[in-house]
Amino acid sequence: LREGGDCAAPSMVAANPSRVQAAQRSLSAITSEADGAPDEVGACMRPCAPDARPLMGAVPGVANAYVSAGHNCWGILWAPISGKAMAELILDGKSSVADLAAFAPDRFLPEAQRGGRGRKQGDTAVGEQW
């Protein structure tokens, strides 16, 4: 999402007529219940980071806060493995089922602001909790 992008005004998010027609043709090919134009046409935004990868990991600067979001249209499909990876991260300190480094929520922060591993008291590392 970007400043001034399609989040600025919901009216900027609109259905693509050619995609609506393609979906209607596909649906009509498998059922007679879909004859004619749809009663309603809409569009929505899919949650997606600028690099199209989800945000999965610890929230920088907030103790004991984690995020798993921005999976775009794959959220339902990825839910089981994302849930397992996040549960392992929260409970064990790292995920064994997936390398979450590419999905780090702090990847959009300047290098100097990125969090390191372990707990901190101010800027001083105080080690792992367990």
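Look up: the structure comes first, before these words.
Below: a short report on this structure. (Residues numbered from 1 in each chain as written. Predicted model: local features only at pLDDT ≥ 70, side-chain atom pairs only at ≥ 80, totals over all residues. Heavy atoms only, no water.)

Comments concerning the overall build of the chain
From N to C terminus, the chain includes two helices and four strands. When burial is assessed residue by residue, the chain has 17% of its 130 residues classed as buried. Summarising the internal contacts of the chain: among those between residues at least 6 apart in sequence, 46% fall at separations of at least 24. Of the roughly 9,600 Å² of accessible surface on the chain, 56% is carried by carbon and sulfur atoms. (Helix = DSSP H or I, 4+ residues; strand = E, 2+ residues; numbered from the N terminus. Buried < 20%, exposed > 50% of the residue type's maximum accessible area, 1.4 Å probe, protein only. Contact = heavy atoms within 4.5 Å. Areas by Shrake-Rupley, 256 points an atom, 1.4 Å probe, with all protein chains shown as cover.)

A short note on the environment of Ala58
Topologically, Ala58 is positioned in strand β1 (residues 55-58). Taking C-alpha positions, Ala58 is 9.9 Å from Gly93, a pair spaced 35 residues apart along the chain. Setting aside residues no more than four positions away along its own chain, Ala58 makes contact with Ala65, Tyr66, Leu89 and Pro105.

Re the environment of Tyr66
With respect to the element layout, Tyr66 can be found in strand β2 (residues 66-69). Each C-alpha atom of the pair Tyr66 and Met86 lies 8.2 Å from the other, and the pair is 20 residues apart in sequence. Ignoring any residue separated from it by four or fewer positions in sequence, one finds Tyr66 in contact with Gly57, Ala58, Val59, Met86, Leu89 and Ile90.

Details of a nonpolar patch on the surface
A cluster of nonpolar side chains, namely Trp74, Leu77, Trp78, Ile81 and Val97, defines an oily patch on the protein surface of about 470 Å² accessible area. Tracing the sequence through the fold places Leu77 in helix α2 (residues 75-92). (Patch = residues over 30% accessible without salt bridge, like charges linked within 9 Å, V, L, I, M, F, W, Y side chains within 5 Å. Salt bridge = Lys/Arg side-chain N within 4 Å of Asp/Glu carboxyl O.)

What about α2?
The largest bend in α2 amounts to roughly 35° and is located at Ile81. Looking at α2, one finds that the buried residues are Ser82, Ala85, Met86, Glu88 and Leu89. Where α2 is buried, its residues contact β1 and β2. Two residues or fewer after α2 comes Gly93, characterised by a positive phi angle close to 90°. (Bend = angle between axes of the 7 residues up to and from the residue.)

Structural notes on the pattern of salt bridges
The tally for this structure, following the rule as stated, stands at two salt bridges. In this structure, Arg53 and Asp51 form a salt bridge, with 2.7 Å as the shortest nitrogen-oxygen distance. Looking at Arg53, the relative accessible area reads 32%, which means it is partly exposed. A salt bridge links Arg107 to Asp51; the shortest N-O distance between them is 2.6 Å.

Quick notes on unusual backbone geometry
Of note, Ala52 is a non-glycine position whose phi angle comes to about 70°, a positive value. With respect to the helices, strands and loops of the structure, Ala52 is situated in the loop between α1 (17-30) and β1. Residue Ala52 is classed as exposed on the basis of its relative accessible area, which comes to 53%. Unlike most non-glycine residues, Asn64 shows phi in positive territory, near 60°. Here Asn64 lies in the loop between β1 and β2.

Quick look at the side chain of His71
Examined against the element boundaries, His71 turns out to sit in the loop between β2 and α2. Engagement of the side chain of His71 in a polar contact is seen with the side chain of Ser82, the distance being 3.1 Å. When residues no more than four places from it in sequence are discounted, the contact partners of His71 are Pro47, Pro54, Met56, Trp78 and Ser82. (Polar contact = N/O pair within 3.5 Å; in protein donor to acceptor, adjacent residues only side chain to side chain.)

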